[in-house]
Amino acid sequence: MIPAEIIEKKRDGIELTPKEIDWFIHNVISEEIDDCQISALLMSIYFNGMTNIETKSLVNSMVKSGKRFNFKHLGKYVADKHSTGGIGDKISFVLTPLLSSFGIIVPMIAGRGLAFTGGTIDKLESIKNFQTQKNFDSFNNQIDLIGCGIISQSSEICPADKKLYSIRDLTGTIPSFPLICSSIMSKKLAEGLDGLALDVKVGNGAFMKNLREAKSLGIELKKIGDSLDIDVSITYSNMSEPLGKYAGLKCEITEAVDCLKGTGPDDVTQLSIDLCANILVQSGISANKSEAKTSLLKNIENGKALEKFEEMVVAQNGDLNDIYSKNNFARNHLKIKSKETGYIKSINTEKIGWALVEIGCGKKVISDTLYYSAGIKTNYKVGDKIYKGDIVYELFGFNERKLKIAKKMLTKTFVISDQEQEQKKLIIE
Ligand code: URA
């Protein structure tokens, strides 16, 4: 087959055969296809979409591109969560050890930042020495030993997603249903899951800007899960404001640890507990969500969840002292004060994500360096009252020039009204 012919077919809106998709993915992995050709096919898929048959073929070919885990020998429920991406989303760092503290096996495969959204793997790599690239056997051993872990795609594990993901990040081809579905579900299938809690983000800081779009994506993801015997629960959650107070890289690890200590922000804790509760009910460990939530809060209070998190960090070679270091926030700070008194009407969350990319929490080009101690602290949520002179948000980073650019990018991000405003519902459905 010839790559250009497959690209032209998709460009012209003609359905690709499973064989063509499989051939293309196979050659992406063996590096027989150039990045410019991969980008062209991704853009054609972005514009023309894919049929159900094409999407399913793409998922299958992407799963086949790497090895698949199988934890059946452990005789325990194997589950995970995946979010469609947002700002300040640190749920994975709370959920993974929390579920694991109940004996659920959580072998999470995650990704880096995508466009304006933050990446789980980038955040984990902000922990000194934390190893996100583990080979298949070593991750298998980790799961056998401690029951949980979070790793990145690699040349052995979901290699097709690793390649396509990095190209999508830089080519404006992310918000495409078949590309999102195949990216998420290929990772989840490789984990050998029984159950999956999907967190489909909705709002101006998500890829799906409204509930209608989010639901269409949710339905597609669930269909794929059902056809592959994974019990999928879907939560639609608000992403029209950042999750928690901190967004960036290392600052999000710190905030997640606060949640595991029981002192984190309410929204992060509430969403983590809700998603975990779905899994506890799916697994049969809890009879209903309310019982599950009580048990989950107990494992935060008694320290079991934090203990698991620390166990996971050590298992992946991370430096525990580094997590608790006082130097996790960059020294240069820019504090932005409110020019008026009123109520927060809206927050342009996507803009916050792009400002974070500017200060080094994400990449504009592959060669960019990430600045782990950079980030933003937002002090207000939609509906909150704010007074003239209060600090709306704080940017912190290394490069003062970039902080100033980010500040400029964030002009009019927080809209203030003199009318009272309703708070946003965290869990929409
Ligand atoms: N998360 C993924 O893993 N892939 C996507 O495409 C979007 C969110």
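Structure first, text after, so check above.
If you're wondering where the values come from, they're calculated on a predicted model, not measured in any experiment.

The rules we used
Residues numbered from 1 in each chain as written. Predicted model: local features only at pLDDT ≥ 70, side-chain atom pairs only at ≥ 80, totals over all residues. Heavy atoms only, no water. Helix = DSSP H or I, 4+ residues; strand = E, 2+ residues; numbered from the N terminus. Rg over C-alpha atoms; globule rule 2.2 N^0.38 Å. Buried < 20%, exposed > 50% of the residue type's maximum accessible area, 1.4 Å probe, protein only. Contact = heavy atoms within 4.5 Å. Lys, Arg positive; Asp, Glu negative; His and termini not counted. Charge placed at Lys NZ, Arg CZ, Asp CG, Glu CD. Axes fitted to C-alpha atoms, helices over the stretch in contact; angles between N-to-C directions. Parallel < 35°, antiparallel > 145°, perpendicular 65-115°, else oblique. Left-handed = near helix turned anticlockwise from the far one by under 90°. Near = heavy atom within 4 Å. Polar contact = N/O pair within 3.5 Å; in protein donor to acceptor, adjacent residues only side chain to side chain. Areas by Shrake-Rupley, 256 points an atom, 1.4 Å probe, with all protein chains shown as cover. Nonpolar A, V, L, I, M, F, W, Y, C, P; charged D, E, K, R; others polar. Right-handed = clockwise from strand over helix to strand, strands pointing away. Arc of directions from axis to C-beta. Pairing = 2+ DSSP bridges. Expected span 1.5 Å × (residues − 1). Phe/Tyr/Trp six-rings, centres within 6.5 Å; stacked < 30°, edge-to-face > 60°.

Asks: Would you mind showing me how to read the overall build of the protein here?
Replies: Per the secondary structure count, the protein includes 17 helices and 12 strands. A globule of 429 residues ought to have a C-alpha radius of gyration of about 22 Å, and the protein, at 21 Å, matches this closely. On the principal axes, the C-alpha backbone points of the protein span a range of 65 × 45 × 40 Å. Burial statistics for the protein: of 429 residues in total, 57% are counted as buried. Taking the contacts inside the protein whose residues are at least 6 apart along the sequence as the reference set, 77% of them involve residues at least 24 apart. Measuring between centres, the 56 positive side-chain charges of the protein sit 5 Å from its 54 negative side-chain charges.

Asks: Looking at this structure, how should I read the packing of helix 1 (residues 3-11) against helix 2 (residues 18-29)?
Replies: Packed helices, taken two at a time, are described by the angle between their axes plus the distance between the axes. It is the contact of helix 1 with helix 2, at a shortest axis distance of 11 Å, that shows an interaxial angle of 125°. By the angle class used here, helix 1 and helix 2 are oblique. The interaxial crossing formed by helix 1 with helix 2 has left-handed handedness. For the pair formed by helix 1 and helix 2, the contact residues are Pro3, Ile6, Ile7 and Lys9 on the first element and Glu20, Trp23 and Phe24 on the second.

Asks: It is not clear to me how the site of the ligand should be interpreted in this structure. Could you clarify?
Replies: Around the ligand, the structure places His82, Ser83, Thr84, Leu114, Tyr165, Arg168, Ile180, Ser183, Ile184 and Lys187. Here an oxygen atom of the ligand and a side-chain polar atom of Arg168 are 2.7 Å apart. At 2.7 Å, a side-chain N or O of Ser183 approaches a nitrogen atom of the ligand. Its free accessible area being 240 Å², the ligand has 96% of it covered by the protein chains. Of all the secondary structure elements, the ones that give two or more residues to the shell around the ligand are strand 1 (79-83), helix 8 (159-171) and helix 9 (177-190). Looking at the shell around the ligand element by element, the count peaks at 4 residues for helix 9. In terms of residue class, the shell around the ligand is built from 4 nonpolar, 4 polar and 2 charged.

Asks: Which parts of the structure should I look at to understand the pairing of strand 5 (residues 231-238)?
Replies: Note on strand geometry: in a regular strand, side chains alternate between the two faces of the sheet. Among the 8 residues in strand 5, 6 count as buried, and that is most of the element. In this region the chain leaves strand 4 (residues 195-202), passes through helix 10 (residues 211-227) and returns to the parallel neighbour strand 5; the handedness of that crossover is right-handed.

Asks: Which parts of the structure should I look at to understand helix 1?
Replies: Two residues of an α-helix separated by three or four positions point the same way, owing to the 3.6 residues in each turn. Those residues of helix 1 lying buried are Pro3, Ile6, Ile7 and Lys10. Mapping the buried residues of helix 1 onto a view down its axis gives an arc of 100°, with all of them on the same face. With its phi angle positive at about 80°, Gly13 sits one or two positions after the end of helix 1.

Asks: Looking at this model, I keep getting lost on unusual backbone geometry. Mind explaining?
Replies: With glycine set apart, most residues show a phi of negative sign, and most peptide bonds adopt trans. Backbone geometry at Cys158 places phi at a positive 50°, although glycine is not the residue there. By secondary structure assignment, the location of Cys158 is in the loop between strand 3 (148-152) and helix 8.

Asks: Sorry if this is basic, but what is going on with the sheet that holds strand 10 (residues 385-386) here?
Replies: Sheet strands associate in pairs through backbone hydrogen bonding, adopting either a parallel or an antiparallel arrangement. As summarised here, the arrangement of the 3 strands in space is 10-8-12, forming an open sheet in which the pairing is antiparallel. The open sheet has two edge strands with one neighbour each: strand 10 and strand 12 (414-417).

Asks: Just checking my understanding: could you explain the sheet that holds strand 4 for this structure?
Replies: Read across the open sheet, the 3 strands follow the order 1-4-5; overall the sheet is parallel. The sheet terminates laterally at strand 1 and strand 5, the two strands that pair on one side only. Pairwise comparison of adjacent strand axes, ignoring direction, gives a mean angle of 20° for this sheet. Contacting strand 1 and strand 4, helix 9 runs over the sheet at an angle of about 165° to strand 1. Together, strand 1, strand 4 and strand 5 form the strand contacts of helix 12 (residues 266-283), whose direction differs from that of strand 4 by roughly 150°.

Asks: Hey, could you run me through helix 3 (residues 35-48) in this one?
Replies: Along its 14 residues, helix 3 runs 20 Å from first to last C-alpha, staying within 8% of the 20 Å computed at 1.5 Å per residue. Residues of helix 3 that are buried include every one of Ile38, Leu41, Leu42, Ser44 and Ile45, and no others. Buried residues of helix 3, seen end-on, are gathered within an arc of 160° and therefore sit on one face of the element. Turned more than 90 degrees from where helix 3 packs its buried face, Cys36 and Phe47 sit exposed. In this structure, the buried residues of helix 3 make contact with helix 1, helix 2, helix 8 and helix 9. Just past helix 3, the residue Gly49 takes up positive phi, approximately 70°.

Asks: Is there a simple way to think about the side chain of Ser240 in this case?
Replies: Within the element layout of this structure, Ser240 appears in the loop between strand 5 and strand 6 (246-248). A polar contact of 3.2 Å, which involves the side chain of Ser240, links it to the backbone nitrogen of Asn204. If we skip the residues at most four places from it in the chain, Ser240 touches Val202, Gly203, Asn204, Ile347, Thr349, Val382 and Lys424.

Asks: Is there a simple way to think about the side chain of Glu54 in this case?
Replies: Within the element layout of this structure, Glu54 appears in helix 4 (residues 52-64). In this structure Glu54 comes out as buried when scored by relative accessible area, which is 1%. Within polar-contact distance, the side chain of Glu54 engages the backbone nitrogen of Leu16 at 2.7 Å. For Glu54, the contacting residues outside a window of four places in its chain are Lys10, Ile14, Glu15, Leu16, Ile21 and Gly49.

Asks: Help me understand the packing of aromatic side chains in this model?
Replies: Summed over the entire model, instances satisfying the criterion amount to 11 aromatic pairs. Between Phe116 and Trp354, the ring centres sit 5.8 Å apart and the planes meet at 55°, which makes this aromatic pair tilted. Of this pair, Phe116 sits in the loop between strand 2 (106-110) and helix 6 (120-124) while Trp354 sits in helix 16 (residues 349-361), and the two are 238 residues apart along the sequence. Relative accessible area serves as the criterion here: at 7%, Phe116 is assigned to the buried category. Of the residues examined, Trp354 reaches a relative accessible area of 35% and is grouped as partly exposed. The rings of Phe69, Phe71, Phe136 and Phe139 are connected pair by pair, giving a single aromatic cluster.

Without other data, these values stay purely geometric and don't point to any function.
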